[in-house]
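Coordinates in review
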Amino acid sequence: MIKETMTSKERVEAAIKLEPYDRVPVAPLMDVMFPSRHKGMTVAYGISHWKEGLQAIVDIFDEVGGWDAMILPGYSLALTPKVASGVMASMGTRGYKFPGQDAAVSENSQPQYEERERLTVDNYDEIIKYGWSGFAERNRERYTSFPPEQIIAWAKKQTEHYAREGETWAQKGVPSLCGAIVESPLMFLSTKRSLTSFTMDLHRIPDKVEAVMDALVDDLITDTIEAARLTGIPGVMLVLERGGCFYYPLKIFERFEFPYMKKMVEAFAAEGLITVMHFDQDWTLNLPYLKELPEKICIAELDSTTDIFKAKEILKGHMCIAGDVPASLSAIGTPEDMEAYCKKLIDVVGDGGGFILSSGCTIPANAKFENFKTMIDTAKSYLPAR
Amino acid sequence: MSELADAIAELNEDEAKRLVREKIDAGVEPLSIVDECREGMDIVGGRYKNKEYFLSELIVSGEIFKEAMAVVEPLLKGGKQAESLSKMVLGTVKGDIHNIGKDIVGTLLTAAGFEVYDLGIDIAPSIFVDKLVETGAPILGMSGLLTPSFESMKETVKAVEEAGLRDKVKIIVGGGIVTEQVGKYVGADAFTSDGPEGVEICKKFARETK
């Protein structure tokens, strides 16, 4: 093992600020799925039993000798005590089929997103007229059967759990990076309209889509900053998937994704919040734009479909990169495959700092424990010969 | 290139609709309208391959194609039928409910001339096998977005073997996280995470299994 001269917190902060560190920090995107299965619980049980689920994550942390940061502290939601915040969360969670709740999604599966329309094209005008909060309050009953006071109580409890998850890790000397989670307006609309319908909206009524995004973005920013303040964790996860070059040409990205991303990241940075940009799917062609975002306060978190080596070339000296052990490697690879891939990441992406070794998206429920441990061990033991 | 093919290639939805209606009214053979639509989709596929187009253009052109087919297909009944490139069974594997990739590929395969039997999502190995037997399709396409889907793919390949069909059926697996390693692990003949590339592989399979 490498002789450590920094705490986990110092190491991760150094990576984000592109300063030297004693070794590459390692921070898997860990939720309750893999730890639940490793502990012999079903994923369904871990998700629905907060204390046991969180304990399962802590246990696996201890079993592998720890890691440097939690990108998200657990699996609760960080919400503001408002009806609009609860409605948005409800739209999101009700979009998923949870393990054990559906014949197709077994007790050991991960939650799966069901692609269907939750917003109609007719809702656009209402969002433009009343903003997101106004729309959510006016349409509450469409998305949740709970009355306002119960929604607010639920939101408070979720946020309290989120904060407690963060405290659990802080007590172990492990920082949590994201105190709130938010989608970009494009990601939000695409998942709520469905990919096909939203893509047709962009094709047929682009001006209206832009107006909806303009009406959404300020509420998203305000609410996210407030949620991060409530959890006490000075960072935000900005969930991005559908605005990148896997889906859309740059002309769409330039008009419907990047201006809003930039506005959000700048607003978070102005509050001292780091932004972990959670890039699912391929964003390789979009990478040069990230140099327009505030430097040394963001993390580009990649899932193995974006070219992480190209990302290093482009973002070196500007932004920390996290990633990108492929989910398939965790699930069906060997420890030798894992070690070789992690060493390559450390050698190339870790060169000169600004890198956090992480999983590409969440550690899958069926990851092999020996592969996961190899990822953690490699970060702690492998020092490139330079 | 015909005007209709051009309208589809340029993603001009209104113009494509207008031209389809105009041709039908003028008594143009429905099959030749289908051919023009397919020509447009071919151009879209080429532009995607050249990185001029992205997934969004595949989606938009696919929707335009489906709208055109909804009007033309009823007119094909009883008349001259389009020649199928090959039959093909398609579905998202057991335990996985994701349909976006599968649906896009299904539209592209149909537009390319395949007779696609799309079984939907969460499809058990035995259902895939039954459909292969029923249709005699020589190609099987399985989709999955999650790592547990690898096991379902593997089980389906095994079921195809046990049914004695493996040497008669070419198998391709696809999905956002499907890699070469996954293709080998499940025992498929090919893998892809790219829809149009998948169509090209299936065209090759169609030639090989003729």
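Only a predicted model underlies this, so the values are computations on that prediction, with no experimental measurement involved. (Residues numbered from 1 in each chain as written. Chains lettered and ligands numbered in written order. Predicted model: local features only at pLDDT ≥ 70, side-chain atom pairs only at ≥ 80, totals over all residues. Heavy atoms only, no water.)

What about the overall build of chain A?
- For chain A, the count of helices and strands is 16 helices and eight strands.
- Here the C-alpha radius of gyration of chain A, 20 Å, is about what a compact globule of 386 residues would show, namely 21 Å.
- Taken along the three principal axes of its C-alpha coordinates, chain A extends 60 × 45 × 35 Å.
- In chain A, of all internal contacts separated by at least 6 residues, the share reaching a separation of at least 24 is 74%. (Helix = DSSP H or I, 4+ residues; strand = E, 2+ residues; numbered from the N terminus. Rg over C-alpha atoms; globule rule 2.2 N^0.38 Å. Contact = heavy atoms within 4.5 Å.)

Points about the interface of chain B and chain A
- Facing the 28 residues of chain B at the interface are 33 residues of chain A.
- Both sides together, the interface formed by chain B and chain A hides about 2,600 Å², and carbon and sulfur atoms give 65% of it.
- Here E13 of chain B and R204 of chain A are joined by a salt bridge, their closest N and O atoms 2.5 Å apart.
- At the junction of chain B with chain A, the criterion picks out nine residue pairs in polar contact (both at pLDDT 80 or more).
- Within the residue set of the side of chain B that touches chain A, elements represented by two or more residues are α4 (55-76) and α8 (180-186) of chain B.
- Counting residues per element, the side of chain B that touches chain A draws most heavily on α4 of chain B, which supplies seven residues.
- Residues belonging to the side of chain B that touches chain A are distributed by class as follows: 13 nonpolar, nine polar and six charged. (Buried area = accessible area lost by both parts, 1.4 Å probe. Salt bridge = Lys/Arg side-chain N within 4 Å of Asp/Glu carboxyl O. Polar contact = N/O pair within 3.5 Å; in protein donor to acceptor, adjacent residues only side chain to side chain. Nonpolar A, V, L, I, M, F, W, Y, C, P; charged D, E, K, R; others polar.)

Some remarks on the pairing of strand β2 (residues 115-118) of chain B
All names here are of chain B.
- Here strand β1 (residues 87-92) runs beside β2; their pairing, made up of four bridges, is parallel. Along β2, the bridge assignment pairs L90 with D118.
- In terms of handedness, the path from β1 via helix α5 (residues 100-112) over to β2 forms a crossover that is right-handed. (Pairing = 2+ DSSP bridges. Right-handed = clockwise from strand over helix to strand, strands pointing away.)

Observations regarding the sheet that holds strand β8 (residues 355-359) of chain A
Residues and elements named next belong to chain A.
- Across the sheet, six strands lie side by side as β3-β4-β5-β6-β7-β8; this open sheet has parallel pairing. Unpaired on one side and paired on the other, β3 (181-183) and β8 mark the two borders of the sheet. Recorded for the sheet is a direction-independent mean angle of 25° between the axes of neighbouring strands.
- Summarising the sheet, strand β5 (residues 274-279) and strand β6 (residues 298-302) pair through five bridges and their orientation is parallel. Across the sheet, the residue bridging to V276 is I299, located in β6.
- Across the sheet, helix α13 (residues 308-315) is in contact with β6, β7 (320-325) and β8; its angle to β7 comes to roughly 175°. (Axes fitted to C-alpha atoms, helices over the stretch in contact; angles between N-to-C directions.)

A closer look at the packing of aromatic side chains
- Across all of its chains, the model carries 16 aromatic pairs over all chains by this definition.
- Relative to F188 of chain A, the ring of W132 of chain A lies with its centre 5.2 Å away and its plane at 80°, an arrangement referred to as edge-to-face. Taken together, the residues W132 of chain A in helix α6 (residues 123-138) and F188 of chain A in helix α9 (residues 185-193) connect sequence positions 56 residues apart.
- Ring plane angle 40° and centroid distance 5.6 Å describe the contact between F253 of chain A and F258 of chain A, whose orientation is recorded as tilted.
- Above the ring of Y130 of chain A, the side-chain terminus of R138 of chain A is found at 3.9 Å from the ring centroid.
- Sitting over the ring of Y185 of chain B, K154 of chain B keeps its end group 4.1 Å from the ring centre. (Phe/Tyr/Trp six-rings, centres within 6.5 Å; stacked < 30°, edge-to-face > 60°. Lys NZ or Arg CZ within 6 Å of the ring centre and 35° of its normal.)

A closer look at the side chain of D68 of chain A
Residue and element names in this part refer to chain A.
- Note that D68 resides in the loop between α4 (50-63) and α5 (83-93).
- A residue is classified by how much of its surface remains accessible, and D68, at 1% relative accessible area, is buried.
- Of the polar contacts made by the side chain of D68, one reaches the side chain of R23; its length is 2.8 Å.
- Setting aside anything within four residues of it in sequence, one finds D68 in contact with S8, R11, V12, R23, V24, P25, V26, V174 and P175. (Buried < 20%, exposed > 50% of the residue type's maximum accessible area, 1.4 Å probe, protein only.)

Observations concerning the sheet that holds β2 of chain B
Residue and element names in this part refer to chain B.
- The five strands are arranged β2-β1-β3-β4-β5 in an open sheet whose pairing can be described as parallel. Whereas interior strands pair on both sides, the edge strands pair on one side only; in this sheet they are β2 and β5 (190-192). Across the sheet, the axes of successive neighbouring strands diverge by a mean angle of 20°, strand direction being ignored.
- Taken together, the three bridges between strand β4 (residues 170-174) and β5 define a ladder with parallel strand orientation. Within β5, the position partnered with I172 by the bridge is A190.
- Running at roughly 170° to β1, α5 makes contact with β1, β2 and β3 (139-143) of the sheet.
- Sitting on the sheet, helix α6 (residues 125-135) touches β1, β2 and β3, and the angle it makes with β1 is about 165°.

Quick look at the domain arrangement of chain B
Residues and elements named next belong to chain B.
- Domain parsing of chain B yields domain 1 (3-76) and domain 2 (87-209).
- Summarising the inter-unit geometry, the C-alpha centres of domain 1 and domain 2 are found 26 Å apart.
- Roughly 840 Å² is buried in total at the junction of domain 1 and domain 2, and carbon and sulfur atoms are behind 73% of that figure.
- In terms of surface lost to domain 2, no three residues of domain 1 exceed R38, Y48 and L58, which account for 44% of the buried area on that side.
- Put simply, domain 1 and domain 2 have three residue pairs in polar contact (both at pLDDT 80 or more) between them. (Domains from an automatic or database assignment.)

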